[in-house]
Every structure is written in C-alpha cells, then in structure tokens.
Amino acid sequence: AFDTGANLSTLMRSEAVALGLRIVPAGIDVGSSTDLRVTADVAVADSVAIGGLHYRNVPFLVLDDALLTFPDGFRIPGIVGFPVIEQAGEIRLGHGALDVPATVPSREERNLALDELTLLTRVRWTGLPLVCRLDTGAGRTQFYEPLYRRARAAVDSSSAATKRRMGGAGGVRELPVRVLRGVTLAAGDTAIVLDSVDVVTRSLARTEEENYLDCNIGHDVLDAFARYTLNFRSMTFSLQ
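All values reported here derive from a predicted model rather than from experimental measurement.

A. Structural context of the pattern of salt bridges. Evaluation of the coordinates by the stated rule reveals 14 salt bridges. In this structure, R92 and E90 form a salt bridge, with 2.6 Å as the shortest nitrogen-oxygen distance. A salt bridge links D214 to R150, with the shortest nitrogen-to-oxygen separation between them at 3.1 Å. A residue pair is termed long-range when its members are at least 10 positions apart, and D214 in the loop between β14 (190-200) and β15 (215-217) and R150 in helix α3 (residues 145-150) qualify at 64 residues. Judged by its relative accessible area of 5%, D214 is buried.

Here it is, written out as structure tokens:
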C-alpha cells in the first residue's frame, strides 16, 4: 500500500523475516483507522527502492501477519508510509502510474499542513470548512464525529442510520454511521460529487485532544480526476 495516511511504513512479520531484516522487540502501541490498538516491533531496512527512488535506513513497524490479514483473505504485506513518500519532494499519481520529478518545482498554492506525521488539507461541505486527513491508503472518504457534532441536525435530517464494517490494522469492526447521499466537496476551485459518504457518529480518537479531524479524504475523491499532485516542499495539493 502507498499510504499517506500511515504515519510510518509497515511490514508483516513474515515479510520482514523473508527479507532478512533484524526485528527489534519494541511493543510500540499503534492506533488504527478503526480505533483498535495493536502492538508493533521495529525493523530498519538498509536500502529500499521504489522505481528510480533509492532510500537508505528506512524504519518499519513490524506487525503480526494476522493484524494485516482480513476475513476475506485479503492481505497487506507492506505499507509505504508518509515519511518515505514525503522524501520524494513531489509525487504525481494518475493513469496507474507514479511520477516523481527529478527537480521539485515550486508551487504557489499552499493548501497542505502537517500535524506531526499526519497530512492535512482543508475542504468545504455545504459551506462548512473541514479539516481532513489526505489518505491515499483509504478507498472511500469518511466524515468523523467532530463534523457530526457540529452539523448533527443537518446530517440527521438528510441521512439514514446504519452500521458499517470497517477494516484496519488489527482487524474489522462494526461502527455506527449515518449515510449521506449526493455529497459535494470543494477543494480550492475544484469540486467533486460523491454518491455517498459515511458519517461515523462516535469518536475514533484515543483522547479528546486528538479528536479534531472532520474527515478522511480517500480514493473516491482522488480517482475522480485524471491525476493529482502532492508537493511536500511548497505544501500543495492539486487535482487535475
């Protein structure tokens, strides 16, 4: 997985062993997108290549295989996380290809921010500004409890309550959601209409201080465009 939503790169334990990496027992407490907590060890790869990009001394969280294996048999052997992606300077994704310029251009728009290793951007929904994680590892966009709390009357009046099975590191769990139909999101001067968006009605954060994200932008937004660009030097996100 090529995942800007992952704070660190990750490997299944069997993959780390097969690669001959030295695994250091660490017992690190790791959160997931569904608020499950798991523990991880650590390994460092001396060399990692992605196409023509070459990295040295890349740290990986090491998770037991079961934590990255889902009930339908789908497995995620490894995750390329944000610290590796950010070092490229600029990435352009589209048409099934990842392009990285040899020289990182300067761009004028500044619409990305970082909260430690979490990549953020601002979008608008029905006039409300939303703070969103930009997550190339997520299949679908979701709204979170802070947005629901702010706009509960508007959400409840135009959505249906249900439960949704959601997967992440640590497994799959069922969460209460409300399903909004025909959602228009605006990012800069670009707008996209989504068939539906799930609104998670309970907090997925470990503490109230961490419970500030309004939404998570996934591939249903990104793949609606021919290409999107992330520039980590000018902190620019653009959809083409």
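Back to the write-up after that little detour.
B. Representation of the packing of aromatic side chains within the structure. Under the definition given, this model contains 3 aromatic pairs. Judged by centre distance (6.2 Å) and plane angle (25°), the rings of F70 and F74 are stacked. F70 gets classed as buried once you look at its relative accessible area, which sits at 13%. Exposure remark for F74: the relative accessible area of 49% places this residue in the partly exposed category.

Each value, and the rule that gives it
- Residues numbered from 1 in each chain as written.
- Predicted model: local features only at pLDDT ≥ 70, side-chain atom pairs only at ≥ 80, totals over all residues.
- Heavy atoms only, no water.
- Salt bridge = Lys/Arg side-chain N within 4 Å of Asp/Glu carboxyl O.
- Helix = DSSP H or I, 4+ residues; strand = E, 2+ residues; numbered from the N terminus.
- Buried < 20%, exposed > 50% of the residue type's maximum accessible area, 1.4 Å probe, protein only.
- Phe/Tyr/Trp six-rings, centres within 6.5 Å; stacked < 30°, edge-to-face > 60°.

So, to be careful, I would describe these as geometric facts and stop short of saying anything about function.
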